[in-house]
Amino acid sequence: MNRRSFLRLSSLALTGILTQSCNPAGSKAYDISIKSDMQLGHLIFESASFPEGNIFSTDYLVVGGGVAGLSAACQIHNRDFVLCELSEDLGGSSSSQSYAGEIFSQGAHYDLAYPDYYGQETLRFLEKLGVIFYDANAGLWDFVDSQYLIEAQVESQTLTETGFREQVLEQGKLKEDFLKLLFPYLSEMKMPTRLISEKLRLLNKISFTGFLHRSLVLTSSFKKGIDYQMKDDYGADADKVSALAGIHYYMCRPYYTEDVSLFSPPEGNYYFIKKMADTLPEENIRTSHLVRSISKTGKRFDVQVINIKNETVDVYRAQKVIYAGQKHALKYVFAPDGHLFSNNEYAPWLIINFVLNDKIKSDPFWQNEFLTKDLHFMGFTDNASQIRRKGGYRIFTAYYCFDSTQRILLASITDRAQAIVAETIKTISLYFDQDISNQVEKIFIRVMGHA
Ligand SMILES: Cc1cc2nc3c(=O)[nH]c(=O)nc-3n(C[C@H](O)[C@H](O)[C@H](O)COP(=O)(O)OP(=O)(O)OC[C@H]3O[C@@H](n4cnc5c(N)ncnc54)[C@H](O)[C@@H]3O)c2cc1C
């Protein structure tokens, strides 16, 4: 990249990107498809006039077809259960998109080899699904489909305001002290997090920044790196994330202590969704079914479910309900338990897949992270470093993470899509120091109103 492009790129501040309206006159119009579950979610409030449908009985009703709902369903696969997912497809924030024989991620896109101190139930479950095996030499659980591992030398590149570096956190003494502070918690940070001891849960009462300030003097550039990683994983910076969450993030990433495999199939973490869904009876999975309300009648739950395609409201009489939807929305669906997540704030994400005729001349990195002035643009992944079809398309997947207050702007994404896409293409063009706009064949946008 030449110096002029670098200076323009590193100082980009696109904070107004969501408030841009239609495409500026004379600019190129891109072929864009938009998927947003925000409208469907609002059917909870807008379905009052839908007629009654059928009445069903089931032992277990699972709300949500993301990673959590499907893994819950897998635990009860031979019992009487129904899983309801409001979208047409399973996946939630681990979804995928297909185009011309190519599949790519629209959300979560990677996982790492698992240390042995993770909860055994998770490890055994993934082993049973045929996803991981125990590598006794490395002392780690590694991935069966090793063709999807990303080579270490192309894993990532981070753009900062002063130049490129390999990792988000600056190398040096401060990083060493930072990790030294966290390492004592290493074997305590389990998955799932409910296995973490009660004593350590006290760390939920202070912020990660507060915890770090007790022992370290953070420079602003180092803090920016931590904030980026917290936002990337939790949707908010270290001031808003609890100390337990911050420690958990770093201590669950075994690459801070050893070299580990980075697993990123073309479809991203939809790979796990498919593995789980394939083990479940198809007739028990109901997509385009939105759980509108849950009420308790004696020992039983009466669950109202909107059948979105029929525009009717079915009733499911269930002995137990497993809620695996977004936490903040529980208060609308089952008010008595809404208080459980009253402190949760949600970050809206925008994911943009660019399908390109691959003529870009550059050394690809799988993950291209942006620590620039634009705090919402997180960067993009490049499938040139993943396994892909011979002669297949090159796909860039860009990520924006907004503040919870900006969520409302995403509701009118259709009016703003061309402008947002044009701005993102400009940013990526500067990054590669070449105009990519003529290579873009198709664009998919996914709005995650709450993730
Ligand atoms: C942009 C982004 C990138 C990420 N990248 C990674 C990554 O690379 N690696 C990683 O490990 N993690 C990543 N994560 C986190 C990961 O995606 C999530 O932790 C995980 O997918 C959450 O799964 P879940 O089932 O808990 O929730 P969700 O995926 O949110 O699933 C909830 C599901 O419930 C459905 N639902 C909600 N309410 C109702 C209702 N009332 N009725 C019916 N259905 C309902 C929703 O439609 C949704 O499908 C990322 C997250 C985001 C947003």
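What you see is a predicted model, and the numbers here were worked out from it, not measured in a lab.

**Student:** Got a minute to help me understand the environment of Val305 in this structure?
**Tutor:** You can see Val305 is positioned in strand S15 (residues 300-307). Spatially, the C-alpha atoms of Val305 and Ile294 are 9.0 Å apart, while their sequence positions differ by eleven residues. Once residues lying within four places of it in the same chain are set aside, the contact partners of Val305 are Cys84, His289, Leu290, Val291, Arg292, Thr312, Val313, Asp314 and Tyr316.

**Student:** What am I meant to see in the packing of aromatic side chains here?
**Tutor:** Centre-to-centre distance and the angle between the planes together describe a pair of aromatic rings. In this structure the tally under the stated criterion is 35 aromatic pairs. Both rings, one in Phe263 and one in Tyr271, keep their centres 5.0 Å apart while their planes meet at 75°; by these two values the pair is edge-to-face. Of the two residues examined, Phe263 and Tyr271, each falls in the buried class. A ring pair is formed by Phe380 and Phe396, whose centres lie 5.2 Å apart and whose planes are at 55°; its orientation type is tilted. Taken together, the residues span a long stretch of sequence, with Phe380 in strand S19 (residues 377-382) and Phe396 in strand S20 (residues 394-401) at a distance of 16 residues. Taking relative accessible area as the criterion, Phe396 reaches 0% and is therefore assigned buried. Put simply, the rings of Phe164, Phe370, Phe377, Phe380, Phe396, Tyr400, Phe402, Tyr431 and Phe432 touch in pairs and so form one group of aromatic residues. One cation-aromatic arrangement involves Arg253 over Tyr249; the distance from NZ or CZ to the ring centre is 3.7 Å.

**Student:** Just to check I follow, could you spell out the sheet that holds strand S14 (residues 289-297) for this structure?
**Tutor:** Backbone-to-backbone hydrogen bonds pair the strands of a sheet. The strands run either parallel or antiparallel. Taken together, six strands build an open sheet; the order of strands is S13-S3-S2-S16-S15-S14 and the sheet is mixed. Strands with a single pairing partner mark the edges of an open sheet, and in this sheet they are strand S13 (285-287) and S14. Adjacent strand axes in the sheet meet at a mean angle of 35°, parallel and antiparallel pairs treated alike. Bridge count between S15 and strand S16 (residues 312-323): seven bridges; the pairing is antiparallel. Across the sheet, the residue bridging to Phe301 is Ala318, located in S16. Against the sheet, helix H4 (residues 67-75) engages strand S2 (52-63), strand S3 (81-85), S13 and S16, with an angle of about 170° to S3.

About the thresholds
- Residues numbered from 1 in each chain as written.
- Predicted model: local features only at pLDDT ≥ 70, side-chain atom pairs only at ≥ 80, totals over all residues.
- Heavy atoms only, no water.
- Helix = DSSP H or I, 4+ residues; strand = E, 2+ residues; numbered from the N terminus.
- Contact = heavy atoms within 4.5 Å.
- Phe/Tyr/Trp six-rings, centres within 6.5 Å; stacked < 30°, edge-to-face > 60°.
- Buried < 20%, exposed > 50% of the residue type's maximum accessible area, 1.4 Å probe, protein only.
- Lys NZ or Arg CZ within 6 Å of the ring centre and 35° of its normal.
- Pairing = 2+ DSSP bridges.
- Axes fitted to C-alpha atoms, helices over the stretch in contact; angles between N-to-C directions.

Bear in mind that shape data such as this cannot, by itself, settle questions of function.
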